[in-house]
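Given next are the chains, with one letter for each unit.
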Amino acid sequence: MSTALRSVGLLDVVSTTPPGPSGRAPCIHARLHRLATNLGEKCGLGAAAVAFLLALSLFPSRAHSLLYIDINAPGGKRMPIAVADFVAGPGDPSLSRAIPTILSADLVLTDLFDLVPPTAHMETVTAAHFSGMPLSFPGWKMIGAEAVVIGKVETRGDRLSIEMRLYDATQGTLLLGKRYTGTPGQLRSIVHRFANEIVYTFTGVRGVFGTEIAFTARSGKSRGKELYIVGMDGQDLRKVTGNLSYNLFPRWSPDGQWLAYTSFRTGVPVVFLRNVLTGAEKEVIRFGGSKAPGGFSPDGVWLYAGVSQAGNSDIYRVRVVGGALERIVEGWGLEVSPSPSPDGRQIAFVSDRGGSPQIYVKTIGVAGETRISNGAGYATSPSWSPAGDRIAYTARSGGRFIVATVAPDGSGYREVASVTDGDCEDPSFSPDGRSMVYTYRKRDYSALIVISTDGRRQRTLVSGLRDVGSPAWSPGR
Amino acid sequence: MKGTFSWKWAVLALSIAALMSVGCAKKQTVKSEGTEAPPSASAPAPITEAPMKEPPPPMATAPAMPPAAAPGVAVTEEKMSQFDDVRFDFDKSEVKPDGRKTCGVVADYLKSHPQAKMQIEGHCDDRGTAEYNMALGERRATAVMNYLVSLGVPKAALSTVSFGKEKPLDPGHNEEAWGKNRRAHFVLK
């Protein structure tokens, strides 16, 4: 979690309801209730708006008018949305266009929205629209917008204040209103946060803006590898370590505050936990030879890792607090890359016990392990999807490495990312499960690519660094 | 539009009355300044991120990272060796006949220099996953160590470390480079 994100000062988001446990859209009634409670605290509307929304929920026929996007419908229709120029108060007038640009870029990334271009906008939003004057919704509908976002921003010294509202243009109703304060440096974090709210409003699933990807790359002319972090939108790239040694295999803790990784900075490989906010570190695994963290249990209690002893790597887990070590999988083969399931009951891991590296699944505390890759070639680096229904891994096909997914029982193999002239490796799921990040390599060129889980869309996240690899997507924000 | 809004206001008026009787306790306070903004006890599920101006102080158990330590940088440098590398096949750790010959030379040296300490580095080519290669490098180094022990070298004189695919000898991306990079490298300590 970036410092910026954590430091957003929130004025009026005290009532935001978290997403339902299933991650699916709540029922219409729950949505209305949520809207009602949300709106009650927004934008100075106070009790009047609460009352209005309570009244609205008494007329369920109105519910049909609520806009909704089904994210499970492949190739589904995108929602046309307009993001109006913001009203700029005291401070930087360029923010009037800069903020809608950031917000629009976020919305486009979701592949759920079509942006109505600003050149088509007819109504100029003014401060009066934030104090009672209604927008001309027929006008917004006429240019094709089903939803409209308006906002106003002001900067006073080191204090940034942004108010944003989302309207259903077809009904002229306020769907969402938030006021944020922070420092100018937190602008992107604030906008990402509102983008997540918009996505949640229409889909019932929290967006992933503001999440980050940790990875490794060689820095400058150094032969070593450092840890890096980049925003999921490709912004805010920064180097985390700077010791010129090998710093490898970053893995996020479930609270997004710590990275487990292997560092050679003391001369031998040691697994450290590093606080991404403060840079504070503590040693967690020194035992054994080569070692690589695989992932945390969902409750954050355990860190799973592959650790070699006498040349033979097994799967261990270590208590993050206290350091007690427990062997989970042992065998004569190399066992590495444990990825815990989202319910914490199972791990997927790599073993070459059958002669080549393959993916296996084990239930913790139960004897036996099941191979889920096809047994041929080379299958490594499993990553369990947040919903628990798929496991992504690096497979080998036609002499190339590709990213594939499979159900945890080994059925339903699907190729997601492959190219004829390079390798696609090391997949890691986004917290909403809609995307994966992976490493693309072709000779000396390497890049991180974000791809939709169905393989239909992809974009370059990071390029221009040397030898990038081991991407790990942070938990939701 | 006008019609819609007067309808709304009518509903509003009714609803406010209803709200007064059931919902007064839910009246929210919107803070206009300050960043603490704790939600009232009745507020449903607040966002829990505590606003903070500065990072919290480091944990007592976690001293700040020391400046780049020489041993950490030193590991990235290729150490010259008077001995040949032992080479391996793709995804394999068997010591082949050529490698056994090299190990014989190394064993003779170590037996005639009982004070010498030898570190065996295990390396891989750059294909495949970093974690798997890290473990594979360890297995290669250990295979060489075990072979040296079988030739009579005391185990106490030997140690292993794996660099996986992180430290290629040849940066190329072809069979020749890969063959050079799949190696055990001898470093006298």
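You'll find the structure just up there.
The following paragraphs examine the structure supplied in this document. Being a predicted model, the structure only gives us computed values, none of them experimental.

### Re the overall build of chain B
So, step 1. A count of helical and extended segments in chain B gives 5 helices and 4 strands.
So, step 2. The order of α-helices and β-strands along chain B, N terminus first, is α-α-β-α-β-α-β-α-β.
So, step 3. Within the span of chain B, comprising 189 residues, buried residues form 41% of the whole.
So, step 4. As displayed, chain B has an accessible area near 10,100 Å², and 62% of this comes from carbon and sulfur atoms.

### Structural notes on the pattern of salt bridges
So, step 1. Using the criterion set out here, one finds 37 salt bridges over all chains in the structure.
So, step 2. In this structure, A:Glu212 engages A:Arg238 in a salt bridge whose closest nitrogen and oxygen atoms are separated by 2.9 Å. You can see A:Glu212 sitting in strand 8 (residues 212-218) and its partner A:Arg238 sitting in strand 10 (residues 238-239), a full 26 residues away along the chain.
So, step 3. Given a relative accessible area of 3%, A:Glu212 falls into the buried group.
So, step 4. With a closest N to O distance of 2.8 Å, B:Arg182 and B:Asp125 form a salt bridge. With a gap of 57 residues between them, B:Arg182 in the loop between helix 5 (175-181) and strand 4 (183-188) and B:Asp125 in the loop between strand 2 (118-123) and helix 4 (130-150) connect regions that are remote in the sequence. Accessibility classification places B:Arg182 together with B:Asp125 in one group, the buried group.
So, step 5. When salt bridges that share partners are traced, they join A:Arg78, A:Asp111, A:Asp114 and A:Arg457 into one network.

### Side note on the sheet that holds strand 25 (residues 400-406) of chain A
Residues and elements named next belong to chain A.
So, step 1. Strand order in this open sheet of 4 strands is 23-24-25-26, and the pairing throughout is antiparallel. Each of the sheet's edge strands pairs with one partner strand only, and the pair in question is strand 23 (380-384) and strand 26 (414-417). Across the sheet, the axes of successive neighbouring strands diverge by a mean angle of 40 degrees, strand direction being ignored.
So, step 2. With 3 bridges connecting them, strand 23 and strand 24 (residues 391-397) associate as antiparallel partners. Opposite Trp384, over in strand 24, you have Ile391 as the bridge partner.

### Details of the nonpolar core
So, step 1. Counting residues in each nonpolar core, the largest one holds 44 residues, and the members touching the most others are A:Leu166 and A:Ile198.
So, step 2. Among the elements that line this core, the one with the most residues is helix 6 (residues 187-203) of chain A, at 8 residues.
So, step 3. Viewed by domain, this core spans two of them, domain 1 (3-203) and domain 2 (212-473) of chain A, each represented by three or more residues.
So, step 4. Sequence-distant contacts of A:Ile198, that is, excluding residues within four places in its chain, are made with A:Ile81, A:Leu103, A:Leu107, A:Phe113, A:Val149, A:Leu166 and A:Leu176.
So, step 5. The next biggest cluster of nonpolar side chains, apart from the first, holds 21 residues, and it includes A:Val336, A:Val350, A:Trp384 and B:Leu136.

### Some points on the packing of aromatic side chains
So, step 1. Evaluation of the coordinates by the stated rule reveals 15 aromatic pairs over all chains.
So, step 2. Cluster of aromatic residues (ring-pair linked, three or more members): A:Tyr378, A:Phe401, B:Phe90 and B:Tyr132.
So, step 3. Positioned over the ring face of A:Trp302 is A:Arg317, at 3.9 Å from the centre of the ring.

### Let's talk about the pairing of strand 11 (residues 247-252) of chain A
All names here are of chain A.
So, step 1. Of all the 6 residues making up strand 11, 6 are buried; the element is thus mostly covered by neighbouring parts of the structure.
So, step 2. Here strand 11 pairs with strand 12 (residues 258-263) via 4 bridges, running antiparallel. Bridge pairing links Trp252 to Leu259 in strand 12.
So, step 3. Counted along the chain from strand 11 to the antiparallel partner strand 12, the turn is 5 residues long, and its residue Gly256 has a positive phi close to 70 degrees.

### Focus on the sheet that holds strand 3 (residues 158-164) of chain B
All names here are of chain B.
So, step 1. Taking strand neighbours across the sheet as the criterion, the 4 strands line up as 1-4-2-3 in an open arrangement whose pairing is mixed. What marks the edges here is a single partner per strand, and that holds for strand 1 (86-87) and strand 3.
So, step 2. Alignment of strand 1 against strand 4, held across 2 bridges, turns out to be antiparallel. Bridged to Val86 within strand 4 is Ala184.

### Focus: the pairing of strand 17 (residues 312-319) of chain A
Residues and elements named next belong to chain A.
So, step 1. Most of strand 17 is tucked away: 6 of the 8 residues are buried.
So, step 2. Bridge analysis of strand 16 (residues 302-309) against strand 17 gives 8 bridges, and the strand direction is antiparallel. Residue pairing in the sheet places Val307 in a bridge with Asp314 of strand 17.
So, step 3. The antiparallel pairing of strand 16 with strand 17 creates a hairpin that spans 2 residues between the two strands, and Ala310 there sits at a positive phi of about 50 degrees.

### Here's the deal with the packing of helix 4 (residues 95-109) of chain A against helix 6 of chain A
When two helices pack together, you describe them by how their axes are tilted relative to each other and by the distance separating the axes.
Residue and element names in this part refer to chain A.
So, step 1. Close contact between helix 4 and helix 6 brings their axes to 9 Å; oriented N to C, the two are set at 50 degrees. What the angle tells us is that helix 4 and helix 6 run oblique. Relative to helix 6, helix 4 is oriented so that their crossing is right-handed. Here helix 4 contributes Leu95, Ile99, Ile102, Leu103, Asp106 and Leu107 to the contact with helix 6, which in turn contributes Leu187, Arg188, Val191, His192, Phe194, Ala195 and Ile198.

### Quick word on helix 4 of chain B
So, step 1. Look at helix 4 of chain B: 30 Å from first C-alpha to last across 21 residues, which is about the 30 Å you get at 1.5 Å a residue.
So, step 2. In the segment just after helix 4 of chain B, B:Gly152 is the residue with positive phi, at about 100 degrees.

### Notes on the packing of helix 3 (residues 97-112) of chain B against helix 4 of chain B
Residues and elements named next belong to chain B.
So, step 1. Relative orientation of the contacting elements helix 3 and helix 4 amounts to 60 degrees, with a least axis distance of 10 Å. Taken as axis vectors, helix 3 and helix 4 run oblique relative to one another. The handedness of the crossing between helix 3 and helix 4 comes out as right-handed. Within the contact between the two elements, helix 3 uses Arg100, Cys103, Val106 and Ala107 and helix 4 uses Val144, Tyr147 and Leu148.
So, step 2. Residues of the contact of helix 3 with helix 4, tallied by class, amount to 6 nonpolar, no polar and 1 charged.

### What about the environment of A:Arg238?
Residues and elements named next belong to chain A.
So, step 1. Overall, the relative accessible area of 25% leaves Arg238 in the partly exposed class.
So, step 2. A C-alpha to C-alpha distance of 9.7 Å links Arg238 and Ala214, two positions 24 residues apart in sequence.
So, step 3. For Arg238, the side chain forms a polar contact with the main-chain oxygen of Asp236, separated by 3.2 Å.

### So, helix 6 of chain A
Residues and elements named next belong to chain A.
So, step 1. The terminal C-alpha atoms of helix 6 lie 24 Å apart, and with 17 residues this matches the ideal 24 Å at 1.5 Å per residue to within 8%.
So, step 2. Counted residue by residue, helix 6 has 16 buried out of 17 residues, so it is predominantly covered.
So, step 3. Positive backbone phi, at 80 degrees, marks Gly204, one or two positions downstream of helix 6.

Thresholds, definitions, all that
- Along each chain, residue indices are assigned from 1 in the same order as the chain's sequence is written.
- Labels follow written order: the first chain is A, the first ligand is 1, and so on.
- Residue-level local features of this predicted model are given only where pLDDT is at least 70; pairs of side-chain atoms are given and counted only at 80 or more, and the full residue set underlies all totals for whole chains, interfaces and linings.
- With hydrogens and water stripped out, all remaining heavy atoms of the structure feed into the side-chain values.
- In this text, helices come from DSSP runs of H or I with a minimum length of four residues, and strands from runs of E with a minimum of two, each type numbered from the N-terminal end.
- Buried means the residue's accessible area, taken with a 1.4 Å probe over protein chains only, is under 20% of the maximum for its type, while exposed means over 50%, and partly exposed covers the values in between.
- The protein chains shown are the only cover counted for residues, whose accessible areas, like all others here, come from Shrake-Rupley with a 1.4 Å probe.
- Salt bridge criterion: a side-chain nitrogen from Lys or Arg within 4 Å of a carboxyl oxygen from Asp or Glu.
- A pair of strands is labelled paired if DSSP reports no fewer than 2 bridges between them.
- Axis geometry follows a simple rule: fit a line to the C-alpha atoms, using only the stretch in contact for helices, then measure angles between N-to-C directions, giving values from 0 to 180 degrees.
- The term nonpolar core refers to a set of buried residues drawn from Ala, Val, Leu, Ile, Met, Phe, Trp, Tyr and Cys, joined through side-chain atoms within 4.5 Å.
- Those domain boundaries reflect an automatic or database domain assignment.
- The contact criterion used throughout is that any non-hydrogen atoms of two residues lie within 4.5 Å.
- Ring pairs shown here join Phe, Tyr and Trp side chains whose ring centres sit within 6.5 Å, with only the six-membered ring taken for Trp; geometry is labelled stacked below 30 degrees between planes, edge-to-face above 60, and tilted in between.
- Both a distance and an angle decide whether a charge sits over a ring: NZ of Lys or CZ of Arg must be within 6 Å of the ring centre and within 35 degrees of the ring normal.
- Roughly parallel here means an angle under 35 degrees, roughly antiparallel means over 145, roughly perpendicular means 65 to 115, and every remaining angle is called oblique.
- Should the near helix be turned counterclockwise from the far one by less than a right angle, the crossing is left-handed, whereas a clockwise turn marks it as right-handed.
- In this scheme, a helix's expected span is set at 1.5 Å multiplied by one less than its residue total.
- In this classification, Asp, Glu, Lys and Arg are treated as charged, Ala, Val, Leu, Ile, Met, Phe, Trp, Tyr, Cys and Pro as nonpolar, and every other residue, Gly included, as polar.
- Pairing of N or O atoms within 3.5 Å defines a polar contact, subject to two protein rules: one partner must be a possible hydrogen donor and the other a possible acceptor, and residues neighboring in sequence count only if both atoms are side-chain atoms.

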